[in-house]
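# Observations on chain architecture
Now for the letters of each chain:
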Amino acid sequence: MSKSVETEGALETRGIEQVPDHERTARTRELFPTWVGANISVLLLTMGASLVVAYHLNIWQALVVAVAAPIVSYGLVGLIGIAGKRGGAPGMALSRAVFGQRGNLLPGSLIWVARWGWETINAVTGAYAMLTILDILFGIEANSVLDMVTLLVFVVATFAISGLGINAVQKCNKYATYFFGVFSVLVLGYLVANTDWSKVMDHSAGSTAAVITGVGMIAAGGVSWIPSAPDFTRYLPRTASSKAIVGTAVGGAGVVVLPMVLMGAVMAVSTPDLASATDPVSFLGEILPTWIAVPYLFIALIGMLLINSMSMYSAGFTAQTLGFKVPRHWAVSVNAVISLIFGGVLMLVATSFMGSFIAFLSLLAVAFSAWVGVFGADMLRRTEYDGEAMTDTTRTSAYWYKGGFSPAAVAAWAIGLLSGLMFTTSDWFTGPLAKNNVIGEYGLGWVATVVISGLLYLVLPKPSVTTPAEVSETTEERATAAV
């Protein structure tokens with residue numbers, strides 16, 4: 001991240017307000033490590049194994065899934081990220097221009113709550129990695145007290161990085177990219193030397209439906225980052241290349257998703273239990289040789305730490321848009337406390353770690369997708385966002401619309417969300433249309449949500465789009481009328 005007046009210090013103090021043009025000096029290539037760091041998750045190994053064990057795909061079909069999933073999901077991440085350079089503000093602040101000042105509280109609240117689950121899962125995975133490292137290196141066995149201590153250490157470290165702000169997040173992602181590259185070479189060497197490749201290549205092919213379902217499963221994780229995309233592009237100048245924004249998102253995610261999913265698929269041929277491991281971190285730490293288990297566990301720890309830091313960084317902005325009138329770094333602390341509480345419950349009570357993860361992931365994708373459909377459709381007609389109108393939460397705001405709501409946006413979002421849930425299947429909830437149709441059986445409920453909410457928003461009558469200059473004139477007129 002290039003230095004600017006606002007970000008040259010260690011602590012980023014800017015919240016949801018618009019970044020002035022003279023401070024928007026970032027470069028698109030700096031986004032590449034951001035999306036690398038967002039995907040360094042060992043859970044991708046487990047999902048890659050699931051493609052072989054649960055979906056019965058062969059290695060070539062797993063390759064198709066591993067290539068297609070980041071293109072689909074991070075293509076959308078990049079497209080929504082374009083709004084960040086247009087408006088110079090976080091995603092959920094820009095969302096006020098679409099949904100209205102009060103209407104934005106509806107998707108904002110749901111997305112914020114959904115992040116609790118993401119951050120809880122990541123915190124627990126990171127704590128498991130720490131526990132296994134202590135066991136391998138020092139012979140310290142896990143217990144309830146140590147579980148909570150490692151969880152606390154992980155959450156505090158996450159809060160420290162996300163609390164410092166964009167510079168700290170970007171710098172950590174940059175170094176993690178190099179570390180992940182070394183780790184990938186180690187694992188690749190181990191797999192080449194120790195895998196029965198004839199068994200891998202002879203694995204029978206699965207159905208086309210299973211391939212599509214696999215793409216949806218892997219892509220769902222990327223969909224959860226879409227509302228956060230503008231948070232990391234808001235320091236880009238307005239002249240930044242839109243094509244480069246999309247390309248760095250897809251490329252950064254792809255260089256992680258592709259090898260991790262394929263590694264998991266190859267491992268599953270000889271170790272099928274990987275696909276159903278309740279604790280995938282310690283499971284792989286036990287079956288791998290020490291020389292590769294230790295770096296594997298460190299990359300697991302670093303990956304979860306970075307993913308959680310990015311999530312909490314964005315969650316701080318979401319909390320501010322919901323009315324938490326505190327500085328950004330203190331808004332981040334709200335999610336830190338929540339992930340600590342829920343993480344403790346999951347570690348001490350939950351019996352199926354991976355089952356909880358998949359169930360949450362499927363519902364999470366639908367919740368985020370309804371917002372994506374509406375916001376993305378709005379981007380087709382809106383190329384500018386007014387900073388003053390976004391931060392003005394009173395009736396004088398040009399983004400107040402009708403009683404603080406944009407009826408078209410709220411209605412399209414709600415209908416799209418409900419429609420998507422009807423096609424969704426998970427351990428926690430099964431919609432009435434989840435079976436006996438292509439959308440439900442292929443796990444495409446989140447795709448249906450994007451399409452339905454987006455099309456509805458396009459056809460419903462909407463407030464006219466005004467330029468920032470026109471917004472200012474309207475605001476002055478309303479203020480004069482109020483006096």
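Please read all numbers here as calculations on a predicted model, not as lab measurements. The residue numbers shown here count from 1 along each chain, following its written sequence. Owing to the predicted nature of the model, reporting of local features is limited to residues with pLDDT of at least 70; listing and counting of side-chain atom pairs is limited to 80 or more, with chain, interface and lining totals taken over all residues. Excluding hydrogens and water, the side-chain figures rest on all heavy atoms present in the structure.

## Brief notes about the overall build of the protein
- Per the convention used, a helix needs a DSSP run of H or I reaching at least four residues, while a strand needs a run of E reaching at least two, with both numbered from the N terminus. Per the secondary structure count, the protein includes 21 helices and 0 strands.
- Buried positions account for 58% of the 483 residues belonging to the protein.
- Contacts were defined at the residue level, with two residues in contact if any of their heavy atoms lie within 4.5 Å. Intrachain contacts of the protein at a sequence separation of at least 6 include 86% that bridge at least 24 residues.
- Here, Shrake-Rupley sampling with a 1.4 Å probe gives the accessible areas, and only protein chains in the shown set may cover a residue. In the form shown here, the protein has an accessible surface area of approximately 18,500 Å², with 67% of it arising from carbon and sulfur atoms. Burial classification: accessible surface area is computed with a 1.4 Å probe over protein chains only, and a residue below 20% of its type maximum counts as buried, one above 50% as exposed, and the rest as partly exposed.

## A few points about the pattern of salt bridges
- Whenever Lys or Arg places a side-chain nitrogen within 4 Å of a carboxyl oxygen from Asp or Glu, that contact is recorded as a salt bridge. Tallied over the full model, the rule gives 7 salt bridges.
- A salt bridge links Arg 14 to Glu 23; the shortest N-O distance between them is 2.6 Å. Comparing Arg 14 with Glu 23 shows no difference in burial state: the two are buried.
- Here Asp 21 and Arg 238 are joined by a salt bridge, their closest N and O atoms 3.1 Å apart. Remark: Arg 238 occurs in the loop between α11 (229–233) and α12 (242–270) and Asp 21 occurs in the segment before α1 (32–37); sequence separation between them is 217 residues.
- Classification of Asp 21 as partly exposed rests on a relative accessible area of 48%.

## Thoughts on the confidence of the model for the protein
- On a scale of 0 to 100, pLDDT captures the predictor's confidence in every residue. On average, residues of the protein score 85 in pLDDT, and 90% of them are at 70 or above.
- Mean pLDDT in the protein bottoms out at helix α21 (residues 468–482), which sits at 54, and peaks at helix α5 (residues 96–99), which reaches 96.
- Contacts of residues 1–8 to residues separated by more than four positions or lying in other chains number 27 contacts, the stretch itself having pLDDT below 50.

## Here's the deal with helix α7 (residues 144–164)
- Counted at 1.5 Å a residue, the expected span for α7 with its 21 residues is 30 Å, and the 31 Å between its end C-alpha atoms agrees.
- Among the residues of α7, Leu 146, Asp 147, Thr 150, Leu 151, Phe 154, Val 155, Thr 158, Ile 161, Ser 162 and Gly 163 are the ones counted as buried.
- Looking at the buried residues of α7, the elements they touch are α6 (105–138), α8 (166–194), α14 (290–321) and α15 (328–348).
- The N-cap of α7, judged by a side-chain oxygen 3.1 Å from the amide nitrogen of Val 145 a few residues on, is Asn 143.
- Backbone geometry just downstream of α7 places Gly 165 in the positive-phi region, at approximately 115°. Residue count minus one, scaled by 1.5 Å, sets the expected span of a helix. Side-chain atoms alone can form a polar contact between residues adjacent in sequence; in general such a contact is a pair of N or O atoms within 3.5 Å, and within protein one must be able to donate a hydrogen while the other accepts it.

## Remarks on the packing of aromatic side chains
- Note on ring pairs: Phe, Tyr and Trp rings are taken, using the six-membered ring of Trp, and paired if centres are within 6.5 Å. Classes follow the plane angle, with under 30 degrees stacked, over 60 edge-to-face and the rest tilted. Applying the stated criterion across every chain, the model contains 11 aromatic pairs.
- With a centroid separation of 5.7 Å and an interplanar angle of 35°, the aromatic rings of Phe 232 and Tyr 313 are classed as tilted. A residue pair is termed long-range when its members are at least 10 positions apart, and Phe 232 in helix α11 and Tyr 313 in helix α14 qualify at 81 residues.
- For Phe 232, a relative accessible area of 2% puts it in the buried group.
- Chaining the aromatic ring pairs together yields one cluster made of Trp 35, Tyr 74, Trp 225, Phe 232, Tyr 313 and Phe 317.
- Here the guanidinium or amino end of Lys 462 rests over the ring plane of Tyr 457, the centre of that ring lying 5.1 Å away. Criterion for a charge above a ring: Arg CZ or Lys NZ at most 6 Å from the ring centre, at most 35 degrees from the ring normal.

## Re the nonpolar core
- In terms of nonpolar packing, the biggest core is built from 138 residues, with Trp 35, Ile 218, Trp 371, Phe 375 and Tyr 385 touching the most fellow members.
- The element contributing the most residues to this core is α14, with 15 residues. Here the nonpolar core consists of buried residues drawn from Ala, Val, Leu, Ile, Met, Phe, Trp, Tyr and Cys, with membership extended through side-chain atoms lying within 4.5 Å.

## Quick word on the packing of α14 against α15
- Angles here are taken between N-to-C directions and fall from 0 to 180 degrees, while the axes themselves are lines fitted to C-alpha atoms, restricted in helices to the stretch in contact. Direction vectors running N to C along α14 and α15 enclose 110°, while the axes themselves pass 8 Å from each other. Relative to α15, the element α14 lies roughly perpendicular. Seen along the crossing, α14 lies across α15 with a hand that is right-handed. In contact with Met 312, Tyr 313, Ala 315, Gly 316, Phe 317, Ala 319 and Gln 320 of α14, α15 contributes Arg 328, Ala 331, Val 332, Asn 335, Ala 336 and Ser 339.
- Partitioned by chemical class, the residues of the contact of α14 with α15 number 8 nonpolar, 4 polar and 1 charged. Throughout, the term roughly parallel applies to angles under 35 degrees, roughly antiparallel to angles over 145, roughly perpendicular to angles from 65 to 115, and oblique to all others. Definitions for this section: a left-handed crossing has its near helix turned counterclockwise from the far helix by less than a right angle. A right-handed crossing has that turn clockwise. Under this grouping Gly is polar, as are all residues other than the nonpolar Ala, Val, Leu, Ile, Met, Phe, Trp, Tyr, Cys and Pro and the charged Asp, Glu, Lys and Arg.

## Remarks on unusual backbone geometry
- Despite not being glycine, His 56 has its phi angle at roughly 60°, a positive value.
- Examined against the element boundaries, His 56 turns out to sit in the loop between α2 (43–53) and α3 (59–87).
- At Tyr 401, a residue that is not glycine, the phi angle is positive and equals roughly 55°.
- For Tyr 401, the location among the structural elements is in the loop between α17 (387–391) and α18 (407–422).

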